[in-house]
Amino acid sequence: MENITSLSDKRREKQINYERSILKDLTLTQLKTKAYECFGVFMHSGKFDYSAIEDGCIDFSIEAYLLGASYSRFGFFGETMQTVNHRSRREEKLLVDQLFDYMLIWGNPGENDFKNESIYYACEFLIHLWWSEGFEKGEKRLKLRLH
């Protein structure tokens, strides 16, 4: 007898395989370097737990990278990066807000609104940077038919 699989199981399996293949281009040193570029000032302030912040940045960077790669098919079919970014704005904003909340929980910066605003802009920059990187890599893979 044959096993019956549903369409959602097949879609999930295909998505997992795509994510594995797209993540092969990404290295841990790239992730750590970009996290340090964005949050190095805050990491050395003494109020942040360096390893927790780095781990959180890596996790959210991977999510943003995969989000950009999943939206790259629209760029492959002729849309500009700005149009596609506008399309994924809600998911990207959600990632930024989650990373910002993570930073506030682990960093405990206090009541300084200026510092909180700069942390938010750093979160926004990091997420958009990795979204763009994932978009470009995904589009390149589609053009080379490596999907």
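Structure first, text after, so check above.
Criteria and cut-off values
- Residues numbered from 1 in each chain as written.
- Predicted model: local features only at pLDDT ≥ 70, side-chain atom pairs only at ≥ 80, totals over all residues.
- Heavy atoms only, no water.
- Helix = DSSP H or I, 4+ residues; strand = E, 2+ residues; numbered from the N terminus.
- Contact = heavy atoms within 4.5 Å.
- Lys, Arg positive; Asp, Glu negative; His and termini not counted.
- Charge placed at Lys NZ, Arg CZ, Asp CG, Glu CD.
- Core = buried A, V, L, I, M, F, W, Y, C linked by side-chain atoms within 4.5 Å.
- Buried < 20%, exposed > 50% of the residue type's maximum accessible area, 1.4 Å probe, protein only.
- Salt bridge = Lys/Arg side-chain N within 4 Å of Asp/Glu carboxyl O.

### So, the overall build of the protein
So, step 1. Within the protein, the secondary structure is distributed over seven helices and zero strands.
So, step 2. Its helices and strands in sequence order give the protein the pattern α-α-α-α-α-α-α, from N to C terminus.
So, step 3. When its C-alpha atoms are laid out on the principal axes, the protein stretches across 60 × 40 × 25 Å.
So, step 4. A separation of at least 24 residues holds for 78% of the contacts in the protein among residues at least 6 apart in sequence.
So, step 5. Put simply, the protein has 20 plus and 23 minus side-chain charges, and the middle of one group is 8 Å from the middle of the other.

### What to know about the nonpolar core
So, step 1. If you look at the biggest cluster of nonpolar residues, it comprises 35 residues, and the most contacted ones within it are Phe39, Leu99, Met103, Ile119 and Cys123.
So, step 2. Going through the elements one at a time, helix H2 (28-43), helix H3 (50-70), helix H6 (89-107) and helix H7 (113-143) are the ones with two or more residues in this core.
So, step 3. In this structure, Leu99 is in contact with Phe39, Gly56, Phe60, Cys123, Leu126 and Ile127, ignoring residues within four places of it in sequence.

### Concerning the pattern of salt bridges
So, step 1. Taken as a whole and judged by the stated rule, the model has four salt bridges.
So, step 2. The salt bridge involving Arg141 is made with Asp25; its shortest N-O contact spans 3.8 Å. Remark: Asp25 occurs in the loop between helix H1 (7-23) and H2 and Arg141 occurs in helix H7; sequence separation between them is 116 residues.
So, step 3. Residue Arg87 is joined to Glu79 by a salt bridge in which the shortest nitrogen-to-oxygen separation is 2.7 Å.

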